[in-house]
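# A look at the structure
Each chain, written out:
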Amino acid sequence: MKITENAVVGLTYELKVSKVEDDIESVPFSVEVRDEEDPFYFLFGQSGLPEKFEELLAGKKEGDDFNFSLTTEEAYGEPDDELLITLPKEQFSKERGFTEEMIKEGEFLPLMDENGYSMQAKVLKDLGENLLLDFNHPLVGFDLHFEGTVIEVREATEDELSHGHVHGEHGEHEEG
């Protein structure tokens, strides 16, 4: 079966990122590896990854290798200054489950938006009573380089389609 809309796809890959500054591309460095032990499963059309990522996988089948790059524009775009937000430090109290360690500069805070979706904010600066947080996606401003293999393609179950994501620990499914 080939990868099409509503297929469940299992991938192993290595994601490297690089930045272009002054027309010079930095050496890509690895930020994520999904191997046979921990493959990445997603419902095609709803991976939450940049559209171009899915476009470049369409039509591939189990066993196919892939190797492609997304430019910053095709990936998560450039950083948005409006997503740099100063919040009072008291919002990150121990009562709310935050520790001193978590609110150090350079750390990523696990947060929820008003709809209950989890998101991350990077602590840019400790301003004393306030924290300057960056709500941009951690991969904004980077070109993404994916290299991997399609390890499974199957039809999604009714249940998966209605929920928009893949169930099961490692995308396993019972033979029906």
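Residues numbered from 1 in each chain as written. Predicted model: local features only at pLDDT ≥ 70, side-chain atom pairs only at ≥ 80, totals over all residues. Heavy atoms only, no water.

### Re the nonpolar core
Within the largest apolar cluster, 22 residues are counted, with the highest numbers of intra-cluster contacts made by Leu11, Leu144 and Phe146. Element by element, the count of residues in this core is highest for strand β1 (residues 7–18), at six residues. Among residues more than four places away in sequence, those in contact with Leu11 are Pro39, Phe40, Phe42, Phe53, Leu57, Phe66, Thr149, Val150 and Ile151. If you look at the next biggest cluster of nonpolar residues, it comprises eleven residues, including Phe92, Phe98, Ile103 and Leu133. (Core = buried A, V, L, I, M, F, W, Y, C linked by side-chain atoms within 4.5 Å. Buried < 20%, exposed > 50% of the residue type's maximum accessible area, 1.4 Å probe, protein only. Helix = DSSP H or I, 4+ residues; strand = E, 2+ residues; numbered from the N terminus. Contact = heavy atoms within 4.5 Å.)

### Some words on unusual backbone geometry
Look at Asn6: it is not a glycine, yet its phi comes out positive at around 65 degrees. Position of Asn6 among the secondary structure elements: in the segment before β1. Positioned with a positive phi, Asp23 is a non-glycine residue whose angle comes to about 65 degrees. When you line up the elements, Asp23 lands in the loop between β2 (20–21) and β3 (24–25). Asp23 sits in the exposed class, given a relative accessible area of 76%.

### Some points on the confidence of the model for the protein
In this model, the protein carries a mean pLDDT of 90, and residues with pLDDT of at least 70 account for 94%. Looking at the elements of the protein, mean pLDDT is at its lowest for β2, recorded as 84, and at its highest for strand β6 (residues 65–70), recorded as 98. Taken as a whole, residues 169–176 scores under 50 in pLDDT and shows eleven contacts with residues more than four places along the chain or in a different chain. (pLDDT = per-residue confidence, 0-100.)

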